[in-house]
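Chains, contacts and geometry: an overview
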Amino acid sequence: MPAPERIPSRSLTAAEQLTLLTKGELTVLGRIREASNAVLYCTVAYGDESVECVYKPVAGERPLWDFPDGTLAQREVAAYEVSLATGWDLVPPTVLRDGPHGEGMVQLWIDPVEPAEQEAGLLALVEGEEPGEGWKAIGFAEVDEGRTALLVHADDERLRRLAVLDAVINNGDRKGGHLLPAPGGRLYGIDHGVTFNAADKLRTLLWGWAGEPLTAEAVGALKGLAEALRPGEPLAVRLGGLITSVELDAVRSRVAALLAAGVHPSPSGEWPAIPWPPV
């Protein structure tokens, strides 16, 4: 569902966005039907400001056997908190609050840049067995009966940061449709309800750097995150209200493991490593 054509009165700071999302009046405009859980397209207004947002009420969540504790909405907010702590801001501002259908996650709506307006694509299907310069191989996909093509993603530093974030939060569903290129060259990741499981659940399209050394930037972000996750630190306290203590310890362990290995993780081989459908 496209956002209405409305030009904000001014650009809001991150703090103002969070205040608006937290305290503003939610008005439901419609439902995004493609989603597996209830996803409502809304406006949120506070004072003289209003923005579009997504509201995912807990009441609209389908139970998942492997996520018996907490809610998907809480995990979405936890993913935002961790993203913010890395300094990369890869997840749109997200809060947990009450709404017209009860408690839920409210996230700033991002209008993605149209493909024709992007400098380069993020995903592609190519002929042959090698990805070519500027691309990383994901795997082969059947495009026609009896014919396959190589699915690739861009060798893009924004995607690489997102791959590190996904490894930290143990994202079990990083699809192509969850990548939102935004104006100004920004890239956001959305739909983080299936995250933070204590067991290894990483399923993603961003395997192109598997086994490659982490960048110096990623190592720095992970070291900062390790400090912020220490018991009693503000981030650890906030996450403690969103995920279980076992899951929080697992986040700490994943950060420590990434720093010790110094490389991007590889598929475990114990289950399908790529989500289906991939987009």
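Residues numbered from 1 in each chain as written. Predicted model: local features only at pLDDT ≥ 70, side-chain atom pairs only at ≥ 80, totals over all residues. Heavy atoms only, no water.

As a further point, take the pattern of salt bridges. This model, assessed by the stated rule, comprises 14 salt bridges. Residue R75 pairs with E247 through a salt bridge whose shortest N-O separation is 2.9 Å. Of this pair, R75 sits in helix 2 (residues 72–86) while E247 sits in helix 6 (residues 245–261), and the two are 172 residues apart along the sequence. E247 shares its class with R75; the two are buried. One salt-bridge network, in which partners are shared between bridges, spans K56, E76 and D191. (Salt bridge = Lys/Arg side-chain N within 4 Å of Asp/Glu carboxyl O. Helix = DSSP H or I, 4+ residues; strand = E, 2+ residues; numbered from the N terminus. Buried < 20%, exposed > 50% of the residue type's maximum accessible area, 1.4 Å probe, protein only.)

What follows is about empty space enclosed by the protein. Per the stated rule, a full pass over the model turns up one cavity of 30 Å³ or more. Within this model, the largest cavity holds a volume of roughly 80 Å³. Taken together, A163, D166, L202, T204, L206, W207, W209, A210, H264 and P265 form the lining of the largest cavity. Per-class residue counts for the lining of the largest cavity are seven nonpolar, two polar and one charged. (1 Å grid on protein atoms, 1.4 Å probe; cavity = no way out; pocket = protein on both sides within 12 Å on 5 of 7 lines; lining within 4 Å. Points joined across faces, edges and corners; volume = space filled by probe spheres on them. Nonpolar A, V, L, I, M, F, W, Y, C, P; charged D, E, K, R; others polar.)

Our next topic: the confidence of the model for the protein. The predicted model of the protein has a mean per-residue pLDDT of 90, with 93% of residues at 70 or higher. For the stretch residues 1–9, pLDDT sits under 50, and the model shows 15 contacts to residues farther than four places along the chain or on other chains. (pLDDT = per-residue confidence, 0-100. Contact = heavy atoms within 4.5 Å.)

A few words now on the pairing of strand 2 (residues 40–46). Where strand 1 (residues 25–31) meets strand 2, six bridges bridge the pair, whose relative direction is antiparallel. When the bridges of strand 2 are listed, V28 appears paired with C42. Pairing between strand 2 and strand 3 (residues 49–57): seven bridges, direction antiparallel. Across the sheet, the residue bridging to T43 is E52, located in strand 3. The turn joining strand 2 and strand 3, which pair antiparallel and follow one another in sequence, is formed by two residues; a positive phi near 65° is taken by G47. (Pairing = 2+ DSSP bridges.)

A separate point is the nonpolar core. Buried together is how nonpolar side chains tend to be arranged in soluble globular proteins. Formed by 39 residues in total, the largest nonpolar core has its most connected members in V82, L159, V168, F196 and L229. Going through the elements one at a time, helix 2, helix 3 (157–169), helix 4 (216–228), helix 5 (234–240) and helix 6 are the ones with two or more residues in this core. Ranked by residues supplied to this core, first place goes to helix 3 with eight residues. Ignoring anything within four residues of it in the chain, the contact list for L229 reads L235, A236, L239, L248, V251, R252 and V255. With 18 residues, the next largest nonpolar core counts L21, V106, L108 and I110 among its residues. (Core = buried A, V, L, I, M, F, W, Y, C linked by side-chain atoms within 4.5 Å.)

On to the packing of aromatic side chains, then. When we look at a pair of aromatic rings, we describe it by the centre distance and by the angle of the planes. Inspection of every chain in the model, using the stated rule, returns one aromatic pair. Look at Y41 and W109: their rings are 4.5 Å apart centre to centre, the planes differ by 65°, and that puts the pair in the edge-to-face class. With Y41 in strand 2 and W109 in the loop between strand 5 (104–108) and strand 6 (123–126), the pair connects residues that are 68 residues apart, well separated along the chain. Across this residue pair, the class does not change: Y41 and W109 are buried. (Phe/Tyr/Trp six-rings, centres within 6.5 Å; stacked < 30°, edge-to-face > 60°.)

Position of D98 relative to the elements: it lies in the loop between strand 4 (94–97) and strand 5. Using a relative accessible area of 54% as the deciding quantity, one classes D98 as exposed. With 99 residues separating them along the chain, D98 and N197 place their C-alpha atoms 25 Å apart. Not counting residues up to four positions away in its chain, the partners in contact with D98 are L26 and E103.

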